[in-house]
Amino acid sequence: MSDSNTTEFTNPSTFILLGIPGLEAVHVWISIPFCTMYTMAVLGNFTILFIVKMEPSLHAPMYYFLCMLAITDLVLYTSTMPKILAIFWFNSREINFSACLTQMYFIHCFSVVESGILVAMALDRYVAICHPLRHSTILTNPVVVKIGLAVVLRSGMVVLPYPFLVRQWPYCTTNLIPNPYCVHIAVAKLACADTHVSSYYGLFVTFCVIGLDVIFITVSYTQILRAIFSLPTKDARLKTFETCGSHLCVILAFYIPRLFISLMYRFARNVPLHFHVLIANVYLFMPPMLNPIIYGVRTKQIRDRLLRLFTHKGA
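Per-chain numbering applies: the sequence of each chain, read as written, is numbered from 1 onward. Local features are withheld for residues below a pLDDT of 70 in this predicted model, meaning they are given only at 70 or higher, and side-chain atom pairs are given and counted only at 80 or more; totals for whole chains, interfaces and linings count all residues. Side-chain numbers here rest on the full set of heavy atoms in the structure, without hydrogens or water.

Time to look at the overall build of the chain. Secondary structure elements follow DSSP: runs of H or I no shorter than four residues count as helices, runs of E no shorter than two count as strands, and numbering proceeds from the N terminus. The secondary structure content of the chain amounts to 12 helices and 3 strands. Here the chain has a C-alpha radius of gyration of 21 Å; the compact-globule value for 315 residues is 20 Å, and the two agree. For the C-alpha atoms alone, the extent of the chain along its principal axes is close to 70 × 50 × 40 Å. A burial count over the chain gives 48% of its 315 residues as buried. Should any heavy atoms of two residues lie within 4.5 Å, those residues are counted as being in contact. Of the contacts formed within the chain by residues at least 6 apart in sequence, a portion of 81% connects residues at least 24 apart. Accessible surface, the chain as shown: approximately 15,900 Å² in total, 70% of it carbon and sulfur. Charge counting follows a simple rule: Lys and Arg are positive, Asp and Glu are negative, and His as well as the terminal groups are ignored. Lys charges are placed at NZ, Arg charges at CZ, Asp charges at CG and Glu charges at CD. Considering the chain, the positive charge centre built from 22 side chains and the negative charge centre built from 13 side chains are found 9 Å apart. Using C-alpha atoms as the atom set, the radius of gyration is obtained and then compared with a globule rule of 2.2 Å times the number of residues to the power 0.38. Only protein chains enter the accessibility calculation, which uses a 1.4 Å probe. A residue is then buried if its area is under 20% of the maximum for its type, exposed if over 50%, and partly exposed in between. Every accessible area reported is derived by Shrake-Rupley at a probe size of 1.4 Å, with residue values counting cover from the shown protein chains alone.

Structure below.
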C-alpha cells in the first residue's frame, strides 16, 4: 500500500503510523527504552495489585485507589505499546481506521481516568488528615466503588465525542500520522475540512476537565498543608506530610509533563518534529512506569510487604 492517497476518502481503510519521524534509522535502538519502560510498568503495576490483594492491612481506600491507578496504567500501556514496538521492530506501520479510533479513545479516556483517580486520592488524603476520626465513615467501601465508577463514567462520556468527530471528517492527500500511536489532534489534522470543532473540544477537555481536576487537587492540598502546619511538633508535621509524599510525586509526574508539552507545542515552533514526538511519548509512558516505583519506595506498608515477600521466598 502506498504511504499517501491523493483522492478524497471519507473513511480511509488504514492510516500509516510513522513512529518517530526523522529517526526511522534508529527505531530499533529507540525500542530498547520503550520496551524497558513497558516491562517495568507491567511488572510494577501487577506487583502493586498483587501486594494489595494479599495484604489485609492494605484493604483501605488509599490502596483501592492505587489499584485503580495501576489498572488504568496497564490499560493505557497495553492499548499502545505493542503496536509501537511492532513499528520499531518490524516496520508494521499500518493501522486499521477503526483500530486507530479505538486506540485514540483508550488513550484519551484512560488519561482522563488517571486524572480523576488522582483527584480521588487527593480527597482520600484530605479526609484522612483533616478529618481523621471520620475517615472510615466517610470513605466506606461502597463510596470508594461509587467514586471509581463516577471517574470512569465521566471519562468515557467526555472522550466519546473524539472518535465521532474524527470519523465524520473527509480525508485526502495523506493518511500519514507523524506519531507511533493515534491521538485526536494528530488524526484531525489530516482531515480536509474545518476541524475547529475538534480543536475547541480538545481545549474544553484540557481546561474544563483536567483543569478542574488540578484546581480540586490544589484546594485539597492547600487544606492539607494548613492542617499539617497547625500540628504542634515538627515530628508530627513530618510524619503526616510523609503520608502524602507518594501521592504528591505521582501528581507531579503526571501533570508537569502535560504542562510542558502543552507549552512546547504552542511556543516552541522551531523545535524539530521528532523532539515533539519523543516528549509526547515521555509524557504518556513515563508516569505509568514511575507510579508503582514511587509508591513501592515511598510507602512503608507496600515496601515492608514486598520485602517480606522476597525474604519469605529466599528463606
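Resuming the write-up.
Within the secondary structure, glutamine 103 is located in helix H4 (residues 97-130). Other than its neighbours up to four places away in sequence, glutamine 103 contacts Ser79, Thr80, Lys83, Ile95, Tyr181 and Cys182.

What follows is about the sheet that holds strand S1 (residues 14-17). Taken in spatial order, the 3 strands make up an open sheet running S2-S1-S3, and their pairing is mixed. Each edge of the open sheet carries a strand with a single partner, namely strand S2 (94-96) and strand S3 (176-177). Note on pairing: DSSP must find at least two bridges between two strands before they are called paired. Sheet analysis places S1 next to S3, joined by 2 bridges and oriented parallel. When the sheet's bridge partners are listed, isoleucine 16 is paired in S3 with leucine 176. To obtain each axis, a line is fitted to C-alpha atoms, and for helices this fit is confined to the stretch in contact; angles are then taken between N-to-C directions over 0 to 180 degrees. Along the sheet, H4 contacts S1, S2 and S3; its crossing angle with S2, the most-contacted strand, is approximately 85°.

The subject of this paragraph is the state of the cysteines. A covalent bond bridging the sulfur atoms of two cysteines is what the word disulfide describes. Cysteine sulfurs are considered disulfide-paired once they come within 2.5 Å of each other. Taken as a whole and judged by the stated rule, the model has 2 disulfides. A sulfur-sulfur separation of 2.0 Å characterises the disulfide bridge that pairs cysteine 100 with cysteine 182. What sets the handedness of the cysteine 100 and cysteine 182 disulfide is the S-S torsion sign, and at about -120° it is left-handed. Of this pair, cysteine 100 sits in helix H4 while cysteine 182 is found in the loop between S3 and helix H8 (184-188), placing the two residues 82 residues apart along the sequence. When sorted by exposure, cysteine 100 lands in the same class as cysteine 182, which is buried. The disulfide bridge from cysteine 172 ends at cysteine 192, spanning 1.7 Å between sulfur atoms. Disulfide cysteine 172-cysteine 192: the torsion about the S-S bond is -110°, which places it as left-handed. Pair noted here: cysteine 172 is in the loop between helix H7 (161-168) and S3 and cysteine 192 is in the loop between H8 and helix H9 (196-229), with a separation of 20 residues, a long-range link. Taking the relative accessible area as the measure of exposure, cysteine 172 reaches 16% and is therefore buried. Here cysteine 192 falls in the partly exposed class, since its relative accessible area comes to 33%.

Below, the discussion takes up the packing of aromatic side chains. Each aromatic ring pair is summarised here by two numbers: the centre-to-centre distance and the angle between the ring planes. Note on aromatic contacts: the rings of Phe and Tyr and the six-membered ring of Trp form a pair at centre separations within 6.5 Å, being stacked when their planes are under 30 degrees apart, edge-to-face when over 60 apart, and tilted otherwise. The full count for this structure, using the stated rule, is 14 aromatic pairs. Seen in terms of ring centroids, tyrosine 105 and phenylalanine 106 are 6.4 Å apart; in terms of plane orientation they differ by 85°. Their pairing is edge-to-face. On the basis of relative accessible area, tyrosine 105 is assigned to the partly exposed category, the value being 22%. You can call phenylalanine 106 partly exposed: its relative accessible area is 32%. Centroid distance tyrosine 181 to phenylalanine 285: 5.9 Å. Interplanar angle 90°. Geometry classified as edge-to-face.

Only protein atoms enter the calculation, which uses a 1 Å grid: trapped sets of points that fit a 1.4 Å probe without letting it out are cavities, open sets showing protein on both sides within 12 Å along at least five of seven lines are pockets, and any residue with an atom within 4 Å of a point is a lining residue. Grid points are joined across faces, edges and corners, and a volume is the space filled by probe spheres set on the points. Estimated volume of the second largest pocket: approximately 400 Å³. Along the wall of the second largest pocket there are 15 residues; nearest its centre are Glu242, Thr243, Thr299, Lys300 and Gln301. Every element with two or more residues in the lining of the second largest pocket is listed here: helix H2 (61-78), helix H10 (234-267) and helix H12 (300-314). Across the lining of the second largest pocket, the residue classes tally to 3 nonpolar, 6 polar and 6 charged. The residue classification treats Ala, Val, Leu, Ile, Met, Phe, Trp, Tyr, Cys and Pro as nonpolar and Asp, Glu, Lys and Arg as charged. All others, Gly included, are polar.

Moving on, we come to the confidence of the model for the chain. Residues of the chain with pLDDT of at least 70 account for 93%, and the chain-wide mean is 87. This model gives residues 1-8 a pLDDT under 50, and the stretch forms 20 contacts once residues within four places in sequence are excluded. For every residue, the predictor reports its confidence as pLDDT, a number between 0 and 100.

So, about helix H11 (residues 273-298). Expected helix span is computed as 1.5 Å times (number of residues minus one). For H11, with 26 residues, the first-to-last C-alpha span of 36 Å sits near the 38 Å given by 1.5 Å per residue. Methionine 286 marks the point of greatest bend in H11, at about 35°, and the proline proline 287 comes within the next four residues. The reported bend at a residue is simply the angle between two axes, fitted to the 7 residues ending at it and to the 7 residues beginning with it.

A few words on a nonpolar patch on the surface. Each patch is built from residues that are more than 30% exposed by relative accessible area and take part in no salt bridge. Like charges join if they lie within 9 Å; nonpolar side chains (Val, Leu, Ile, Met, Phe, Trp, Tyr) join within 5 Å. Salt bridges are defined as contacts in which a side-chain nitrogen from Lys or Arg sits within 4 Å of a carboxyl oxygen from Asp or Glu. A cluster of nonpolar residues, Val26, Val28, Trp29 and Ile32, forms a patch on the protein surface that exposes about 420 Å² of accessible area. Note on placement: valine 28 falls in helix H1 (residues 27-54).

Let's shift gears to the packing of helix H6 (residues 141-159) against H9. For the pair H6 and H9, the least separation of the axes is 11 Å and the interaxial angle reads 160°. As far as their axial angle goes, H9 and H6 are roughly antiparallel. Relative to H9, the crossing made by H6 is right-handed. Contacts from Arg154, Met157 and Val158 in H6 reach Tyr201, Val205, Val209 and Asp213 in H9. These descriptions rest on fixed angle ranges, namely under 35 degrees for roughly parallel, over 145 for roughly antiparallel, 65 to 115 for roughly perpendicular, and the rest for oblique. Whether a crossing is left-handed or right-handed is set by the direction in which the near helix is turned from the far one by less than a right angle, anticlockwise for left-handed and clockwise for right-handed.

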